[in-house]
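# Summary of structural features
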Amino acid sequence: MSPSDGDAIRVLLACGRGELPVNVALMRLISCAHDPAEVDITLEHAIELVALRGACAESGRIQQVRRLWRDTPQAWPKLRAVVTPAADATEGTAKRWAAVFDRAVAISPEASVALYSLGRPDLLARATDEIMDLMLAWKLLGAGRRAIEIGCGIGRFLAPVARTGTLAVGIDVSTGMLREARRRCRGVAGAWLIQTGGADLACIGDSRAELVYAIDVFPYLVDSGLAATHVAEAARVLKPRGTLLVMNWSYRGDLAADRGEIARLAASIGLTWVDRPVALSHWDGKIYRLEKPA
């Protein structure tokens, strides 16, 4: 495939139009390329294409991708290593994902929970802060509240959520992820971690939390056939007027199918879908907010 066609060039042109964050575009470009040289070639070709059209703004954004690529030499080896499937991750769905994430977190804690961080703590922190600001603006956090995070990973949200006065409970299937989360949450009052089997929220009682949230975790639940169970379980553990916040439903690339599936599930379980599309600066994830009635 020449750099002038295929997914890679389309990703960069979409970024140039402002449809993708710069770091997300680079992450996708790395995923498309066969080697680092192809990343360089594709970037140069995309810059030439938009320059010929006189699209200065588009060229500027693609040049930002090129600068980020040059400033992040560890991106290629870390991302390529993280996305390589674990050879021993074959025994059952939960065990499979636990093994995949145990391996990934050992390579790069940041990339293991967000490939778009490119393995950089600063990029992960910016993306995390942006989502925290959104949850605070929606008044989902605060003193006396309880929040359950499905698939808490390395605990990137647990500490900041706990610092708002919220009791922050994170559950995960990965031993390695939880080990890193405990390290990051050491000394933070109100941050709790629980290892589960990944099938449900049986470790949480009925009507115990004001918020249940999942950051880029439902795609794995959808893949495992466990998404509907977790939405029903979230509804069970939420208090009346509680919120289920799902950030990214699937990786199918079919937004209409995702929205239809969520609408059907919400209706069948008795949750109200508050449809408020939000554009983020450091992540292209889609945000779905479901409310439990009073």
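We now turn to the structure provided with this report. Owing to the predicted nature of the structure, the values given are computational and were not obtained by experimental measurement.

Pairing is mixed in the open sheet, where seven strands are placed in the order 3-2-1-4-5-7-6. Among the strands making up the open sheet, the edge pair consists of strand 3 (191-195) and strand 6 (272-274). Going from strand to strand, the sheet's axes swing by 20 degrees on average, the running direction of each strand aside. In this structure, strand 2 (residues 167-172) lies alongside strand 3, joined through five bridges in parallel fashion.

Extensive coverage of strand 4 (residues 209-215) is indicated by the burial of seven of its seven residues. Relative to strand 4, strand 1 (residues 146-150) runs parallel, the two sharing three bridges. Across the sheet, residue I148 finds its bridge partner in strand 4, namely V212. The sheet contact formed by strand 4 and strand 5 (residues 238-247) spans six bridges and is parallel. What sits directly across from V212, in strand 5, is L244.

Examined against the element boundaries, G198 turns out to sit in the loop between strand 3 and strand 4. As a C-alpha pair, G198 and I131 span 67 residues in sequence and 24 Å in three-dimensional space. Here G198 is in contact with V173, L226 and H230, once residues within four sequence places are set aside.

Bringing helix 4 (residues 56-71) into the picture now. Between its first and last C-alpha, helix 4 extends 22 Å over 16 residues, near the 22 Å set by a 1.5 Å rise per residue. All buried positions along helix 4 are accounted for by E58, S59, I62, V65, R66, L68 and W69. Buried positions along helix 4 lie against helix 1 (7-16), helix 2 (22-32), helix 3 (36-52), helix 5 (75-82) and helix 8 (121-137).

This part is about the pattern of salt bridges. Per the counting criterion, the structure on display carries 18 salt bridges. R259 is the partner of D275 in a salt bridge, and the nearest nitrogen-oxygen pair spans 2.5 Å. Here D275 is found in the loop between strand 6 and strand 7 (287-291), whereas its partner R259 is found in helix 13 (residues 255-269), with 16 residues between them in sequence. Using a relative accessible area of 39% as the deciding quantity, one classes D275 as partly exposed. Taken together, the shared-partner salt bridges connect E110, E180, R183 and R184 into one network.

Here we come to the state of the cysteines. Counting across every chain of the model gives zero disulfides. We note that C32 lacks a disulfide partner, and the nearest cysteine sulfur, in C15, lies 13 Å from it. Between C203, a free cysteine, and C152, which holds the nearest cysteine sulfur, the sulfur-to-sulfur gap is 11 Å.

Counted by the stated rule, this structure contains eight aromatic pairs. Pairing F218 with W249 gives two aromatic rings, centres 5.1 Å apart and planes at 20 degrees, and the pair type is stacked. On the criterion of sequence distance, the pair formed by F218 in helix 11 (residues 218-224) and W249 in the loop between strand 5 and helix 13 is long-range, its members being 31 residues apart. We classify F218 as buried; its relative accessible area is 0%. Grouped by ring-pair contacts, the aromatic residues W97, F101, Y220 and Y251 constitute a single cluster. The aromatic ring of W97 is capped on one face by R96, whose charged end is 4.5 Å from the ring centroid. The ring of W138 is capped by R289, whose NZ or CZ atom sits 4.8 Å from the centre of that ring.

The next thing to look at is the nonpolar core. In terms of nonpolar packing, the biggest core is built from 71 residues, with M135, V161, Y213 and L245 touching the most fellow members. Ignoring anything within four residues of it in the chain, the contact list for L245 reads M135, W138, L140, L211, V212, Y213, A214, I287, Y288 and R289. Among the nonpolar cores identified, the runner-up in size contains 27 residues, and I204, V212, V231 and V246 belong to it.

Here E291 lies in strand 7. We classify E291 as buried; its relative accessible area is 14%. Within the local environment of E291, its side chain forms a polar contact with the side chain of T243, the two groups lying 2.7 Å apart. Residue contacts for E291: discarding those within four places in its chain leaves R241, G242, T243, L271, T272 and V274.

Position of R66 among the secondary structure elements: in helix 4. Setting aside residues up to four positions removed in sequence, R66 forms contacts with L43, E44 and I47.

For helix 13, spanning 15 residues, the distance from its first C-alpha to its last is 21 Å, which sits close to the expected 21 Å at 1.5 Å a residue. Among all positions of helix 13, only D258, I262, L265 and A266 are buried. Along helix 13, the residues classed as buried sweep out an arc of 100 degrees about the axis, all on the same side. Exposed side chains of helix 13 directed beyond 90 degrees from the buried face belong to A256, R264, A267 and S268.

Criteria and cut-off values
Residues numbered from 1 in each chain as written. Predicted model: local features only at pLDDT ≥ 70, side-chain atom pairs only at ≥ 80, totals over all residues. Heavy atoms only, no water. Pairing = 2+ DSSP bridges. Helix = DSSP H or I, 4+ residues; strand = E, 2+ residues; numbered from the N terminus. Axes fitted to C-alpha atoms, helices over the stretch in contact; angles between N-to-C directions. Buried < 20%, exposed > 50% of the residue type's maximum accessible area, 1.4 Å probe, protein only. Contact = heavy atoms within 4.5 Å. Expected span 1.5 Å × (residues − 1). Salt bridge = Lys/Arg side-chain N within 4 Å of Asp/Glu carboxyl O. Disulfide = S-S within 2.5 Å. Phe/Tyr/Trp six-rings, centres within 6.5 Å; stacked < 30°, edge-to-face > 60°. Lys NZ or Arg CZ within 6 Å of the ring centre and 35° of its normal. Core = buried A, V, L, I, M, F, W, Y, C linked by side-chain atoms within 4.5 Å. Polar contact = N/O pair within 3.5 Å; in protein donor to acceptor, adjacent residues only side chain to side chain. Arc of directions from axis to C-beta.

From the geometry alone we can't say anything about function, so treat these as descriptive.
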